Amino acid sequence: MSLKRKIALNLSIAFSLLFGIVMAVIYMSFNDFRKEEFKERFRQRLDFTSHFIAKSKDFEEEAPVFFNENSDNILLNETILIFNSEKELIYSTIKDRNVTWDSALLKELDEKKIVYSEKTVPEVYAALKTINGENYYILTSALDTNGNSKLAYLKYLLITAYVMSTLLIGFFSYYFMGQFLKPLEDLNQEISEVTAHKLTTQIPVRDSNDEINVLAQSFNTMITRLDDVFQSQKDFTASASHEIRTPITRMAFQLENLIKLEQHSPETLSSLKQIQKDVYQLSDLTNSLLLLTKFDKENIQSIYEEVRIDEVIFESFEAVEKSYPKLKMDFLISEDTAENGLLTIKGVQSLLDIVFINLFKNAAVYSDDTEVDVLITETDENLVVDVVSHGDTIPKGERAKLFEAFTRGNNSQNISGSGLGLRIVKRILEYHGAKIIYTSPADLLNKFSVVFNK
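Quantities reported herein were computed from a predicted structural model and do not represent experimental measurements. Per chain, residue numbering runs from 1 following the sequence as it is written. In keeping with the predicted nature of the model, local features appear solely for residues at pLDDT of at least 70, side-chain atom pairs appear and are counted solely at 80 or more, and the whole-chain, interface and lining totals rest on all residues. Excluding hydrogens and water, the side-chain figures rest on all heavy atoms present in the structure.

Asker: Sorry if this is basic, but what is going on with unusual backbone geometry here?
Answerer: Of note in this structure, N132 is not a glycine but carries a positive phi near 50°. Examined against the element boundaries, N132 turns out to sit in the loop between β4 (123-131) and β5 (134-142). Type-normalised accessible area, obtained with a 1.4 Å probe on protein chains alone, sets the label of each residue: buried when under 20%, exposed when over 50%, and partly exposed for intermediate values. Residue N132 is classed as exposed on the basis of its relative accessible area of 62%. Its identity is not glycine, yet L343 carries a phi of approximately 55°, on the positive side. For the purposes of this entry, the term helix denotes a DSSP run of H or I that reaches at least four residues, the term strand denotes a run of E that reaches at least two, and both are numbered from the N terminus.

Put into structure tokens, the structure is as follows:
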């Protein structure tokens, strides 16, 4: 999940929780207000009834007329029961059905004088009043239909407002976070375009003192330093490789002439040939380093061309065969190769030559029978070149570091080498979007598989 979405999501959740708490407080406050308001109406109705009883000359005769005339003031579904001091029912608003009441409530009134129950349905408000020297038990019950409908409507409004506000908060959070983080996204886009050949490109610095501007300034300082180090390293490698080539070429030429002389003893001739091999190896290493300084992953694709992999293999073998004339190659194209296979890939032939020259040299140096088998398999997805030779295999514990610089296995003891060959091979293949895999299918069998993606 992107930073923009994380911030927008967290902000939406925080506001939604806060808004939900506010909504709940509003709902509970209104519910408490409704209860208190309804209770106050109960009390006023009871006082109204008590006042009527006090002024009435004949309560039982005047009560029906009085309550009918004041019907606008009654509560919804209101029931009024009035008992005398003997707890005998003297008036009831209930018509056409039997009147029942809770005797325990009357006894409770003797102790508490006023009883209010909001948990019953309907709610009950009762009081013991002394009017004109007489005790009257007045029981009033009613449903707060109006208050409950208002509470239900408020609940609906709050839920609707919560859902709508949550959606709006989520939308505006994502939108405003996008606006706030746009400078950071622009900075990320500009940084992603910086490559090894564009280290001199400076990130635009805006006229502000925010953290993004400080980050851009720090990045510009960093790439300036990196460019200095990179150019120094590249110039040194190129200059050193170029300067070393001249004396190496001169040494190789002189050794060839020296070996052609016939007055050397067998021991001297063997030493001269070994020195010649070392010089050739140093020359190849220098050429590889010089080539690698010219390319990187970003700009190498601009010089890609169609390369026939079989031609690369034969040319590389001929180059190695000059130094190792006893080396033989068995070249095959797999039967699994697609009928429309052209054995071509996109790449730089000079670099691919280095890949297979190194693999063939390894086969020549470490092979027991000086023979290398090459098998090409091309499918619709990839092209695989297997280079197989017979000899001591690399222990499993050393295979993980096989393609690291200056790494040499136990099977290379007493054999000269720099430990850079396979590292250079891997790097060149990475430039081509390819990979190399080492396996040992059987005892004394080494297999390097070069896999090119189409």
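Asker: Explanation requested: the nonpolar core in the structure shown.
Answerer: The nonpolar side chains of soluble globular proteins are, as a tendency, buried together. In terms of nonpolar packing, the biggest core is built from 43 residues, with I309, I313, F356, L359, F360, V385 and F452 touching the most fellow members. When contributions to this core are tallied by element, the ones reaching two or more residues are α7 (309-321), α8 (349-366), β9 (371-378), β10 (382-390), α10 (421-431), β11 (435-439) and β12 (445-453). Counting residues per element, this core draws most heavily on α8, which supplies ten residues. By definition in these notes, contact holds between two residues if any of their heavy atoms fall within 4.5 Å. In this view, F356 contacts I309, V312, I313, S316, V385 and V387; residues no more than four positions away in its chain are not counted. Residues grouped as a nonpolar core are buried Ala, Val, Leu, Ile, Met, Phe, Trp, Tyr and Cys residues, joined through side-chain atoms within 4.5 Å.

Asker: I keep staring at the packing of aromatic side chains and nothing clicks. Help me out?
Answerer: A ring pair, where both rings are aromatic, is described by two values, the distance of the centres and the angle of the planes. A pair of Phe, Tyr and Trp rings is counted when the ring centres sit within 6.5 Å of each other, with Trp represented by its six-membered ring. The angle between the planes then sorts it: under 30 degrees is stacked, over 60 is edge-to-face, the rest tilted. One pass over the structure, following the stated rule, counts seven aromatic pairs. Seen in terms of ring centroids, F30 and F33 are 6.5 Å apart; in terms of plane orientation they differ by 40°. Their pairing is tilted. Residue F30 and its partner F33 are located together in helix α1 (residues 3-55), separated by three residues, close to a single helical turn. Ring centres of F317 and F360 lie 5.8 Å apart, and the angle between their planes is 90°; this geometry places the pair in the edge-to-face category.

Asker: Teacher, can you tell me more about the confidence of the model for the chain here?
Answerer: Keep in mind that low pLDDT regions are not for reading the predicted coordinates in detail. Across the chain, pLDDT averages 78, with 82% of residues at or above 70. Per-residue confidence from the predictor is given as pLDDT, running between 0 and 100. Here helix α2 (residues 59-69) is the element of the chain with the lowest mean pLDDT, 61, and β10 is the one with the highest, 91.

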